[in-house]
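Each chain, written out:
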Amino acid sequence: MPDAIDGDATPNTPQAPADDGSKWFVLAAVGSGIFLSTLSGSIVNVALPTLADEFHAEFEMVQWVVIAFLVTPAALLVSMGRLGDTIGKKPVYLTGLCIFTVGSVLCSLAPSLGWLIAFRMVQAVGAAMTQALGLAIATEAFPPEQRGLAVGYAGGLVSLGVVAGPTLGGALLGSLTWRWIFAINVPIGLVAVALVIRLVPNRRPTYRRPFDLRGAALLVIALTAPLLALTRGQAQGFAEATVLALVVAGIVASTTFVVVERRAPHPQIALDLFRSPTFASG
């Protein structure tokens, strides 16, 4: 996470990098991972009818191939950013790329819909790690006056991945099998791993802080439970017992998270930031 979201008195702000051109190599390395995660999020959408036919499953169940990839990063994004602040951004980002690539291999070999959904969650854990830290690594490589430029290029890669996904997915389904919409990630992922190892500097945190494991666990429940309730409620009805239980779990976890984070010496999120009207309204 950006160091501004930090409750510690000592900042973890890197020195401005020398403008020697290496920033573009770092952006290229990180950008490949950014493109890959957004591509994988959109490429599957066009394959849902095919997957329903392939696994003889109802469309409601097949949608979880997409939902699993959306809910998992939503629950883990903040925690993965904090983990990067704790042990270093490059190791976490690189691990995420490796997990994502392995998850892509597993998805392409999935023998059933249940396994495919499970492997998509593995893939999504890697995506959460890259999404949380990719932009932070890119902006650290640029001098302060050019960080807006880095954000712009990264945003362009996000848009490119979202737009390219359905087109590429349709082309693959038209000429090959559905398994290739996951297998296509593997060579891109291997190239991205090689680029990150070679080009991204390993900036160690200047100030180490413990990882707030209790806060991370509560945040996962607080974010995941309402999302699952909304998803299940559309199909089963919002008065269904499981949906109501998920809503209650989300409320309890959210309330407990706020209480715990206010007392934590190294919180996942510095709640004092929400006292700023500009930040809170955004």
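We now turn to the structure provided with this report. It should be emphasised that the depicted structure is a prediction, and the values quoted were computed from it without experimental measurement. (Residues numbered from 1 in each chain as written. Predicted model: local features only at pLDDT ≥ 70, side-chain atom pairs only at ≥ 80, totals over all residues. Heavy atoms only, no water.)

### Considering the side chain of asparagine 185
Argument step 1. By the element assignment, asparagine 185 lies in helix α9 (residues 185-199).
Argument step 2. Among residues more than four places away in sequence, those in contact with asparagine 185 are Leu36, Leu39, Ser40, Phe100, Ser104 and Gln123. (Helix = DSSP H or I, 4+ residues; strand = E, 2+ residues; numbered from the N terminus. Contact = heavy atoms within 4.5 Å.)

### Structural notes on a nonpolar patch on the surface
Argument step 1. Among the surface-exposed residues, Trp24, Leu149 and Tyr153 lie close enough to one another that they form a single nonpolar patch of about 300 Å² accessible area.
Argument step 2. With respect to the element layout, tyrosine 153 can be found in helix α7 (residues 147-175). (Patch = residues over 30% accessible without salt bridge, like charges linked within 9 Å, V, L, I, M, F, W, Y side chains within 5 Å. Areas by Shrake-Rupley, 256 points an atom, 1.4 Å probe, with all protein chains shown as cover. Salt bridge = Lys/Arg side-chain N within 4 Å of Asp/Glu carboxyl O.)

### With respect to the pattern of salt bridges
Argument step 1. The full count for this structure, using the stated rule, is four salt bridges.
Argument step 2. With a closest N to O distance of 3.7 Å, aspartate 272 and arginine 275 form a salt bridge.
Argument step 3. Under the relative-accessibility criterion, arginine 275 is labelled exposed at 63%. (Buried < 20%, exposed > 50% of the residue type's maximum accessible area, 1.4 Å probe, protein only.)

### Focus: the packing of aromatic side chains
For any two aromatic rings, the description comes down to two numbers: the centre-to-centre distance and the angle of the planes.
Argument step 1. Under the definition given, this model contains seven aromatic pairs.
Argument step 2. With a centroid separation of 5.2 Å and 85° between ring planes, the pair formed by tryptophan 24 and phenylalanine 142 is classed as edge-to-face. Here tryptophan 24 is found in helix α1 (residues 22-43), whereas its partner phenylalanine 142 is found in the loop between α6 (113-140) and α7, with 118 residues between them in sequence.
Argument step 3. Pairing phenylalanine 55 with tryptophan 178 gives two aromatic rings, centres 5.5 Å apart and planes at 65°, and the pair type is edge-to-face. Note that phenylalanine 55 is positioned in helix α2 (residues 48-55) and tryptophan 178 in the loop between α7 and α8 (180-183), a separation of 123 residues in sequence.
Argument step 4. A connected cluster of aromatic rings, assembled from ring pairs, spans Trp24, Phe142 and Tyr153. (Phe/Tyr/Trp six-rings, centres within 6.5 Å; stacked < 30°, edge-to-face > 60°.)

### Digging into the nonpolar core
Argument step 1. By size, the foremost hydrophobic cluster in this structure holds 25 residues, and its most contacted members are Val30, Tyr93, Ile137, Val196 and Val200.
Argument step 2. The set of elements that each furnish at least two residues to this core consists of α1, α4 (64-87), α5 (89-108), α6, α7 and α9.
Argument step 3. Non-local contacts of tyrosine 93, meaning those with residues more than four positions away in its chain, are made with Ala29, Val30, Gly33, Ile34, Met129, Thr130, Leu133, Gly134, Ile137 and Val196.
Argument step 4. Ranked by size, the runner-up nonpolar core spans 21 residues in total, among them Val62, Val66, Ala68 and Trp178. (Core = buried A, V, L, I, M, F, W, Y, C linked by side-chain atoms within 4.5 Å.)

### What to know about the packing of α1 against α5
Argument step 1. One can describe the packing of α1 onto α5 by two numbers: an axis separation of 11 Å at closest approach and a directional angle of 40°. Considering the angle they form, α1 stands oblique to α5. Where α1 crosses over α5, the two elements pack in a sense that is left-handed. Mapping the contact onto sequence places Ala29, Val30, Gly33, Ile34, Leu36, Ser37 and Ser40 in α1 and Tyr93, Leu97 and Phe100 in α5.
Argument step 2. Of the residues belonging to the contact of α1 with α5, the class tally is seven nonpolar, three polar and no charged. (Axes fitted to C-alpha atoms, helices over the stretch in contact; angles between N-to-C directions. Parallel < 35°, antiparallel > 145°, perpendicular 65-115°, else oblique. Left-handed = near helix turned anticlockwise from the far one by under 90°. Nonpolar A, V, L, I, M, F, W, Y, C, P; charged D, E, K, R; others polar.)

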